[in-house]
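Analysis of the macromolecular model
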Amino acid sequence: MSSQPRRLAPEPHPTRLPESPPPTVVPTAESLSPDAASPQVAARPPPAPKLERPRPTIRSTKAALTMTPTAVQRLRGLFGGPTPQLIRIGVRNKGCAGLSYHLDYVEKPGKFDEVVEQDGVKVLIDSKALFSIIGSEMDWKEDALSSKFVFKNPNIKDACGCGESFNVAQ
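Read on for a plain summary of the structure. Quantities reported herein were computed from a predicted structural model and do not represent experimental measurements.

Rules used throughout
- Residues numbered from 1 in each chain as written.
- Predicted model: local features only at pLDDT ≥ 70, side-chain atom pairs only at ≥ 80, totals over all residues.
- Heavy atoms only, no water.
- Pairing = 2+ DSSP bridges.
- Helix = DSSP H or I, 4+ residues; strand = E, 2+ residues; numbered from the N terminus.
- Buried < 20%, exposed > 50% of the residue type's maximum accessible area, 1.4 Å probe, protein only.
- Arc of directions from axis to C-beta.
- Contact = heavy atoms within 4.5 Å.
- Phe/Tyr/Trp six-rings, centres within 6.5 Å; stacked < 30°, edge-to-face > 60°.
- Core = buried A, V, L, I, M, F, W, Y, C linked by side-chain atoms within 4.5 Å.
- Salt bridge = Lys/Arg side-chain N within 4 Å of Asp/Glu carboxyl O.

Comments concerning the pairing of strand β7 (residues 147–152)
Here six bridges tie strand β6 (residues 136–142) to β7, and the two strands are oriented antiparallel to one another. Within β7, the residue paired with tryptophan 140 across the bridge is phenylalanine 149. Taking the residues between adjacent antiparallel strands as the criterion, β6 and β7 are bridged by four residues.

Written out as structure tokens, the structure is:
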């Protein structure tokens, strides 16, 4: 007897099917190009056209500024002059707390001004002041000593004692 171990032949796996060769494609005379040197590759179909989605339009759900009926009435009186003008509301660095409201007469809206229309009255908001004013209410107040537009602004975090200037959180 030899001292070398005996090798057994592997048995075929009973669940394995014999592999079949890949199918052979035989080109026809119509599918071959007349130039035998050119590669024989079928052209890919053109890509499907992409559907163009309409651009979404951004619409605000709430006005940047609301006006009370007394403010609308006063603005109508101001706009009733011989030359049609608009009022632009902005803020300036001024006062103890940092910002103060500023109103200007203008001929036409600026490039980035926000136009607010309520009850047929148009008011412009300066683009630089929009984030300080957004959500505010504009009112007209008259008393024995003064008459002025007053703003109720939910964005104010600090105001001076006299009420002329304010500060918003950044």
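A few points about helix α1 (residues 69–79)
If you check which residues of α1 are buried, you get Ala71, Val72, Leu75 and Phe79. Seen from one end, α1 has its buried residues packed into an arc of 100°, which puts them on one side. Projecting away from the buried face of α1 at angles above 90 degrees are the exposed residues Pro69, Gln73 and Gly77. Where the residues of α1 are buried, they touch β1 (65–67), β2 (86–94), β4 (114–118), β5 (121–125), β6 and β7.

Some remarks on the packing of aromatic side chains
Considering all chains together, one arrives at three aromatic pairs under this definition. For the ring pair tyrosine 101 and phenylalanine 151, a centre distance of 4.2 Å and an interplane angle of 20° mean the geometry is stacked. Of this pair, tyrosine 101 sits in strand β3 (residues 98–106) while phenylalanine 151 is found in strand β7, placing the two residues 50 residues apart along the sequence. Assessed through its relative accessible area of 12%, phenylalanine 151 is described here as buried. Pairing tyrosine 101 with phenylalanine 166 gives two aromatic rings, centres 4.6 Å apart and planes at 25°, and the pair type is stacked. Highlighted residues: tyrosine 101 in strand β3 and phenylalanine 166 in strand β9 (residues 166–168), separated in sequence by 65 residues. Joined through ring pairs, the aromatic side chains of Tyr101, Phe151 and Phe166 make up one cluster.

Looking at the nonpolar core
A general trend in soluble globular proteins is that nonpolar side chains are found buried together. Grouped together as the largest cluster of nonpolar side chains are 24 residues, with contacts concentrated most on Leu65, Met67, Leu75, Ile89 and Met138. Of all the secondary-structure elements, those providing two or more residues to this core are β1, α1, β2, β5, α2 (130–133), β6, β7 and β9. With residues up to four places along the chain from it excluded, the contact list for leucine 75 reads Met67, Ile87, Val121, Val123, Met138 and Phe149.

Quick look at the pairing of β3
Across a regular strand the side chains alternate sides, sitting on one face of the sheet and then on the other. With nine bridges connecting them, β2 and β3 associate as antiparallel partners. Pairing of isoleucine 87 across the sheet is with tyrosine 105, part of β3. Between β2 and β3, which pair antiparallel in sequence order, lie three residues; one of them, glycine 95, sits at a positive phi of approximately 85°.

Some words on the pattern of salt bridges
Using the criterion set out here, one finds three salt bridges in the structure. Between aspartate 113 and arginine 88 there is a salt bridge; the shortest N-O distance is 2.8 Å. Here the residue aspartate 113 occupies a position in the loop between β3 and β4, and arginine 88 occupies one in strand β2, the gap between them amounting to 25 residues. The buried category is assigned to aspartate 113, whose relative accessible area is 14%. A relative accessible area of 22% means that arginine 88 is categorised as partly exposed. Among the ionic pairs, lysine 152 bridges to glutamate 137, the shortest N-O distance being 3.5 Å. Placement of the pair is lysine 152 in strand β7 and glutamate 137 in strand β6, with a sequence separation of 15 residues.

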